[in-house]
Amino acid sequence: MADSKLWEKIHATAAKATWAYLATVDGDQPKVRVVHPAFEGERVWVATGSTSAKARHIGKNSKVELFYQVAPPDMVHLTVMGKAKFVEDTKEKKRIWDGKIFDYDLAQFWPAGAEAKDFGLMLVTPSRIELTSLGEMSTGKKPEVWRGGK
C-alpha cells in the first residue's frame, strides 16, 4: 500500500480513537498513562505539564510507544513507536497552540496560553507504526507497517 493511503488510515484511526496509551520508561520500569495526542502529518504532539512524570522520563530515555484502540465493532489497533522530545521553542509552541492541532481547548489546562510556564509540548517522531484490527489478526493477516527514515 502506498504511504499516502496508509497515512490516511493512520490519521482516521487516531481521530476515531481519540485517546492513546503512552508508554515511557522510568529506569527499568515501564510507565503507561492515557494521553490525548494529535497527529500533524507524520508527527505526533502531546500537550502535558512541562514538569510531569512524562517529561522527566523522556528527559532520561526518549523512546516511547503510543497505543490506540478503536472500540467494537471495529476493534482497530494503532501502535506508534518512536522518540519523544519536549519542544521549548516559543514560536513552535505558539504555532501548535494557534493552529488548533488538538481537538480540545488547551486553555482548559493552561489558561495563560502557549507562553504558560507549565505548558509542555511533546513531539513524538515515529520510527514505526503498525495498524491492524482484531478481525485481521484472527485471520492471520499481518499488520500494515510504516517505517520512518525511508
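Conventions and cut-offs
Residues numbered from 1 in each chain as written. Predicted model: local features only at pLDDT ≥ 70, side-chain atom pairs only at ≥ 80, totals over all residues. Heavy atoms only, no water. Helix = DSSP H or I, 4+ residues; strand = E, 2+ residues; numbered from the N terminus. Rg over C-alpha atoms; globule rule 2.2 N^0.38 Å. Buried < 20%, exposed > 50% of the residue type's maximum accessible area, 1.4 Å probe, protein only. Contact = heavy atoms within 4.5 Å. Core = buried A, V, L, I, M, F, W, Y, C linked by side-chain atoms within 4.5 Å. Salt bridge = Lys/Arg side-chain N within 4 Å of Asp/Glu carboxyl O. Phe/Tyr/Trp six-rings, centres within 6.5 Å; stacked < 30°, edge-to-face > 60°. Patch = residues over 30% accessible without salt bridge, like charges linked within 9 Å, V, L, I, M, F, W, Y side chains within 5 Å. Areas by Shrake-Rupley, 256 points an atom, 1.4 Å probe, with all protein chains shown as cover. Expected span 1.5 Å × (residues − 1). Arc of directions from axis to C-beta.

(A) Inspection of the overall build of the chain at higher detail. Of the regular secondary structure elements, the chain holds 4 helices and 8 strands. When the helices and strands of the chain are placed in sequence order, the string is α-β-β-β-β-α-β-β-α-β-α-β. Taken over C-alpha atoms, the radius of gyration comes to 16 Å for the chain, in line with the 15 Å a tight globule of 150 residues would show. Once the C-alpha set of the chain is aligned to its principal axes, its extents read approximately 50 × 35 × 35 Å. When the 150 residues of the chain are sorted by exposure, 43% land in the buried category. At a minimum sequence separation of 6, the contacts of the chain that also span at least 24 residues come to 64%.

(B) The nonpolar core, seen in detail. Phe39, Leu66, Tyr68, Leu78, Val80 and Met122 are the most contacted members of the largest nonpolar core, which totals 27 residues. Mapped by element, the contributors of at least two residues to this core are helix H1 (3-17), strand E1 (20-26), strand E4 (43-49), helix H2 (53-60), strand E5 (63-70), strand E6 (76-87) and strand E7 (119-133). Aside from chain neighbours lying at most four places away, what touches Met122 is Leu22, Val44, Trp45, Val46, Ile58, Ala84, Lys85 and Phe86. In terms of nonpolar packing, the next biggest core, distinct from the first, is built from 15 residues, Ala47, Phe102, Leu106 and Ala114 among them.

(C) Structural view of the pattern of salt bridges. In the structure shown here, the tally under the stated rule is 9 salt bridges. In this structure, the salt-bridge partner of Glu144 is Lys9, at a minimum N-O distance of 2.5 Å. With Glu144 in strand E8 (residues 144-147) and Lys9 in helix H1, this pair connects stretches of sequence that are 135 residues apart. We classify Glu144 as buried; its relative accessible area is 14%.

(D) Expanded view of the environment of Ala20. With respect to the helices, strands and loops of the structure, Ala20 is situated in strand E1. Excluding residues that lie within four positions of it along the chain, Ala20 makes contacts with Arg33, Val34, Val35, Pro37, Leu66, Phe67 and Tyr68.

(E) Spotlight on the packing of aromatic side chains. Enumeration over the complete set of coordinates arrives at 8 aromatic pairs. An angle of 85 degrees between the planes, with centres 6.1 Å apart, marks the rings of Tyr104 and Phe109 as edge-to-face. A residue is classified by how much of its surface remains accessible, and Phe109, at 52% relative accessible area, is exposed. Here a set of aromatic residues connected by ring pairs shows up, and it is made of Trp97, Phe102, Tyr104, Phe109, Trp110 and Phe119.

(F) Structural detail: a nonpolar patch on the surface. On the surface, a nonpolar cluster with roughly 430 Å² of combined accessible area is contributed by Trp19, Tyr21, Val32 and Val34. Within the secondary structure layout, Val32 lies in strand E2 (residues 29-35).

(G) Just H1, in detail. Taking 1.5 Å per residue, 15 residues should reach 21 Å; H1 reaches 21 Å between its end C-alpha atoms and fits that length. Every buried residue belonging to H1 is among Leu6, Trp7, Ile10, Thr13, Ala14 and Ala17, and all of these are buried. Buried positions in H1, seen along its axis, are confined to an arc of 125 degrees and lie on one side of it. In H1, those exposed residues whose orientation departs by more than 90 degrees from the buried face are Glu8, Ala15 and Lys16. Where H1 is buried, its residues meet strand E3 (38-40), E5, E6, E7 and E8. Immediately downstream of H1, the backbone of Thr18 shows phi near 70 degrees, a positive value.

So, to be careful, I would describe these as geometric facts and stop short of saying anything about function.
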